[in-house]
Amino acid sequence: MIRQAGRSFWKAPSALPGFSLSLGFTVAYLSFFVLIPLTALAIRPWEHGLDGVMAAVSSPRAQAALRLSFFAAAAAACINALMGGLLAWVLTRYEFPGKRLADAIIDLPFALPTAVAGIALTALYAQNGPIGGLLAPLGLKIAYTPTGVVVAMIFVGLPFVVRSIQPVLQDLDQEVEEAAETLGASPWQSATRVVLPAILPALLSGVGLAFARGVGEYGSVIFIAGNMPLRSEIAPLLIVTRLEQFDYAGAAAVGMTMLVLSFLILLGFNSLQGLIARRGA
Amino acid sequence: MTVHALLPASVTPRRKACGRALLIGLALLWLVLIVIAPLGVILVEALRKGAGAAFASLSQPDVWAAARLTLLTTAIATPLNAVFGLAAAWCVTRFDFIGKTLLMALIDLPLSVSPVISGLVWVLLFGASGWFAPWLNAAGLQIMFTPVAIILATILVTLPYVARELIPLMQQQGSDEELAALTLGARPFAIFFFITLPNVRWALLYGVLLANARAMGEFGAVSVVSGHIRGLTNTLPLHVEILYNEYDFVGAFATAALLAVLALVTLVLKSFLEHRHADDLAARGRR
């Protein structure tokens, strides 16, 4: 074989044109819009050293905000796993009038601007609202409490879970379930022993996405949360508050902590998913 | 059909039908509570004082200024991200090189970053005590609290959408057609415009649709960098917040209804593309 001139060790040879141009543009664009900005996020918190970062992250207010964002997102993701799983099941297995409409409307939280969702959920779940009014006599308050934060995160996370499970359920042979039932399994047994193991990896990845989205969610939460420091203030709002006080390092410290924590949690999720997939195979 | 004859007595067809109705009812009730009711309440609240009041609040000059800025932002951010998506998909799917996985991870990164952080990073760079502040001051330039900052934040938030639609599709299509054209003597320009682009046009449109919806509705990132100057740096979603905080609920919900209509149009176009051109979008198990 004749050795071509200009062949490099890091790129496989290809006859197609445009490698340098497309790679150059991609790298330049990513550097300007993603790499440089996120480098600033990684470096700015350390302006006042390690003590500065610790002080910014460990103040009671920051701790409360981070805890609320992460725990509310976890609660919302769990509820979405259950109800999103049910919705995906109903949409793939049953026929009923309005099914296509229901299927299309699942994506509304993707398309609806978060601020719009926020004021709508607040109007709905406030004590003088249509649903909040029904729950108020029962002593249930949703808007302006941490529960409201969870409700908003359920809204934004729902499509992630449904859309992750749906294709897997579609591909899962119904004959397997029928076989289980002819062998004497109850519908509950066939759901938990046959269907659940098959969809578990997809379910986990959908729940992970919904969780990550919930942790960072801002627009739909701030209207319904009430935003009381130490009680119903989410971490992204704390970032905004610190920016308004020109505390750049403090704001960046909270932002960096959020990113690192969600990254670690998602990493754990992914390895769990890999473990399950390997065991199932 | 025949399977029912084999089923144990506890699973009668009637019990199955009951269970099915119960599950459908529960799922639809949840959908109404979480997704459909919020949509309905926007309309009800916007029309609380009659359609006249709603339209009157929509014809305020501030609303028009906000709508213009939203359209301007989208008109700049979406085409740039579309070009980026095409370039990224071309180099990632047509060539093998070291560092490709890292590049693809970087493309997806903005999806897992909080919108507020996507705004914050620009303040850290261009804000009053940002990294580039001395240089900007010397040049007499202002980026924070101008439409430029809003466009930068919007580009960061919507950067992955087009690339993520194109990469799996172009991977699946492979480069056979382009290589055939090359051996027949086609020039790079012709290969791209007569083969690659027509092959991915529906996926490109789909990605642009998603990026567009996100760009028009972005709130968190834009809110951090905008400064909320009415008539100057206010986008439609930010205007919703201002009106709401001023207790102008009819105005807030009328503007929200406008954005909700845009979201519904997006959904209709999206399901049209998914049903009509399912084969031309990436294989992802969609019906």
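Everything numeric in this text was worked out from a predicted model, so none of it was measured.

**Observations concerning the overall build of chain A**
Inference 1: For chain A, the helix and strand inventory stands at 13 helices and zero strands.
Inference 2: Ordered by position in the sequence, the α and β elements of chain A form the string α-α-α-α-α-α-α-α-α-α-α-α-α.
Inference 3: For a compact globule of 281 residues, the expected C-alpha radius of gyration is about 19 Å, and chain A comes in at 24 Å, more than 25% above that figure.
Inference 4: Considering only C-alpha atoms, chain A reaches an extent of 65 × 65 × 35 Å along its principal axes.
Inference 5: Relative to its full complement of 281 residues, chain A shows a buried share of 44%.
Inference 6: Within chain A, residue pairs in contact and separated by at least 24 positions form 76% of the contacts whose partners lie at least 6 positions apart.

**As for the overall build of chain B**
Inference 1: For chain B, the helix and strand inventory stands at 14 helices and zero strands.
Inference 2: Its helices and strands taken in sequence order, chain B reads α-α-α-α-α-α-α-α-α-α-α-α-α-α from the N to the C terminus.
Inference 3: Considered along the principal axes of its C-alpha atoms, chain B spans approximately 85 × 65 × 30 Å.
Inference 4: Within chain B, the fraction of its 287 residues that count as buried is 45%.
Inference 5: Long-range contacts, defined here as pairs at least 24 residues apart, represent 76% of the contacts in chain B between residues at least 6 apart.

**Some words on the interface of chain B and chain A**
Inference 1: The partner chain A presents 77 residues to the 84 residues of chain B that form the contact.
Inference 2: Looking at the side of chain B that touches chain A, the element that brings in the most residues is helix α2 (residues 13–46) of chain B, giving 18 residues.
Inference 3: Among the residues making up the side of chain B that touches chain A, the classes are represented as 64 nonpolar, twelve polar and eight charged.

**Details of the packing of helix α3 (residues 60–93) of chain A against helix α10 (residues 187–216) of chain A**
Residues and elements named next belong to chain A.
Inference 1: At their nearest, the axes of α3 and α10 sit 8 Å apart, and the two run at 140° to each other. For the pair α3 and α10, the sense of crossing is right-handed. Mapping the contact onto sequence places Ser69, Phe70, Ala72, Ala73, Ala74, Ala76, Ala77, Asn80, Ala81, Gly84 and Gly85 in α3 and Leu203, Gly206, Val207, Ala210, Phe211, Gly214 and Val215 in α10.
Inference 2: In the contact of α3 with α10, the residues fall into twelve nonpolar, six polar and no charged.

**Observations regarding the domain arrangement of chain B**
All names here are of chain B.
Inference 1: The assigned domain composition of chain B is domain 1 (1–46) and domain 2 (51–280).
Inference 2: Of note, the centres of domain 1 and domain 2, computed from C-alpha atoms alone, are 37 Å apart.
Inference 3: Each residue belonging to the side of domain 1 that touches domain 2 can be placed in one class, and the counts come to four nonpolar, no polar and one charged.

**Description of the packing of helix α9 (residues 174–182) of chain A against α10(A)**
Residues and elements named next belong to chain A.
Inference 1: Close contact between α9 and α10 brings their axes to 10 Å; oriented N to C, the two are set at 140°. The orientation of α9 with respect to α10, classified from their angle, is oblique. Both α9 and α10 take part in a crossing whose hand is right-handed. The segment α9 lies against α10, with Val176, Glu177, Ala180 and Glu181 engaging Ser190, Val194 and Val195.

**Topic: the environment of Ala81(A)**
Residues and elements named next belong to chain A.
Inference 1: Checked against the element boundaries, Ala81 lands in helix α3.
Inference 2: When the 19 C-beta atoms within 10 Å are taken as the criterion, Ala81 is described as partly exposed.
Inference 3: Measuring from C-alpha to C-alpha, the distance between Ala81 and Glu244 comes to 37 Å, with 163 residues separating the pair along the chain.

**As for unusual backbone geometry**
The bulk of non-glycine residues show a negative phi, and the bulk of peptide bonds are trans.
Inference 1: Positive phi, normally seen in glycine, also occurs at Phe246(A), with a value near 60°.
Inference 2: As for its placement among the helices and strands, Phe246(A) is situated in the loop between α12 (235–244) and α13 (248–280).

**Some details on the environment of Leu169(A)**
Residues and elements named next belong to chain A.
Inference 1: Inspection of the secondary structure puts Leu169 in helix α8 (residues 146–171).
Inference 2: Taking the C-alpha atoms as reference, Leu169 lies 8.3 Å from Ala198; in sequence the two are 29 residues apart.
Inference 3: Not counting residues within four places of it along the chain, the set of residues in contact with Leu169 comprises Ala88, Trp89, Thr92 and Ile199.

**Some remarks on the nonpolar core**
Inference 1: The biggest cluster of nonpolar side chains holds 169 residues, and the ones touching the most others in it are Val116(A), Ile119(A), Leu120(B), Leu166(B) and Ala256(B).
Inference 2: Looking at this core element by element, the count peaks at 15 residues for α3(A).
Inference 3: The residue makeup of this core includes at least three contributed by each of domain 1 (1–46) and domain 2 (51–280) of chain B.

**A short note on α8(A)**
Residues and elements named next belong to chain A.
Inference 1: Between the first and last C-alpha of α8 there are 38 Å, a value that for 26 residues agrees with the 38 Å anticipated at 1.5 Å per step.
Inference 2: Along α8, the helix axis deviates most sharply at Gly157, where the bend reaches about 40°; the proline Pro159 sits within four residues downstream.
Inference 3: Counting buried positions over the 26 residues of α8 gives 20, a clear majority of the element.

**Concerning the environment of Asp248(B)**
Inference 1: By secondary structure assignment, the location of Asp248(B) is in the loop between α13 (236–245) and α14 (249–276).
Inference 2: Sequence spacing of Asp248(B) and Leu236(B) is twelve residues, and the spatial spacing of their C-alpha atoms is 15 Å.

**With respect to helix α9 (residues 160–173) of chain B**
Residue and element names in this part refer to chain B.
Inference 1: Its 14 residues place the ends of α9 20 Å apart at the C-alpha level, agreeing with the 20 Å of an ideal helix rising 1.5 Å per residue.
Inference 2: The buried fraction of α9 amounts to ten of the 14 residues, a majority that puts the element mostly inside the structure.
Inference 3: Considered for burial, the residues of α9 that qualify are Pro160, Tyr161, Val162, Ala163, Arg164, Glu165, Leu166, Ile167, Leu169 and Met170.
Inference 4: Buried residues along α9 sit in contact with α4 (61–94), α5 (100–108), α8 (147–158) and α11 (188–217).
Inference 5: In the stretch just after α9, Gly174 is the one whose phi turns positive, near 70°.

About the cut-offs
Each residue is numbered by its place in its chain's sequence as written, counting from 1. Numbering of ligands from 1 and lettering of chains from A proceed in the order in which they are written. Per-residue local features of the predicted model are confined to residues with pLDDT of at least 70, and side-chain atom pairs are confined, for both listing and counting, to 80 or more; whole-chain, interface and lining totals are unaffected and use all residues. A run of H or I in DSSP becomes a helix once it reaches four residues, and a run of E becomes a strand once it reaches two; helices and strands are each numbered from the N terminus. For a compact globule the rule gives 2.2 Å times the number of residues to the power 0.38, and the radius of gyration it is set against comes from C-alpha atoms. Three exposure classes are used, based on other C-beta atoms lying within 10 Å of a residue's own C-beta, which is placed from the backbone: buried for 20 or more, exposed for 12 or fewer, and partly exposed in between. Each residue is represented by a C-beta atom placed from its backbone, and any two residues with such atoms within 7 Å are regarded as in contact. Asp, Glu, Lys and Arg are counted as charged, while Ala, Val, Leu, Ile, Met, Phe, Trp, Tyr, Cys and Pro are counted as nonpolar; the rest, among them Gly, fall into the polar class. Helix axes are fitted only over the stretch in contact, all axes being lines through C-alpha atoms; the angle between N-to-C directions runs from 0 to 180 degrees. Crossing handedness is read from the near helix: turned anticlockwise from the far helix by less than a right angle, it gives a left-handed crossing, and turned clockwise, a right-handed one. As used throughout, domain bounds are those supplied by an automatic or database domain assignment. Orientation is classified from the angle alone, with under 35 degrees giving roughly parallel, over 145 giving roughly antiparallel, 65 to 115 giving roughly perpendicular, and any other angle giving oblique. What makes a nonpolar core is a set of buried Ala, Val, Leu, Ile, Met, Phe, Trp, Tyr and Cys residues, with links drawn between C-beta atoms within 7 Å. Each residue after the first adds 1.5 Å to the expected span of a helix. To get the bend at a given residue, fit one axis to the seven residues ending there, fit another to the seven starting there, and take the angle between those axes.

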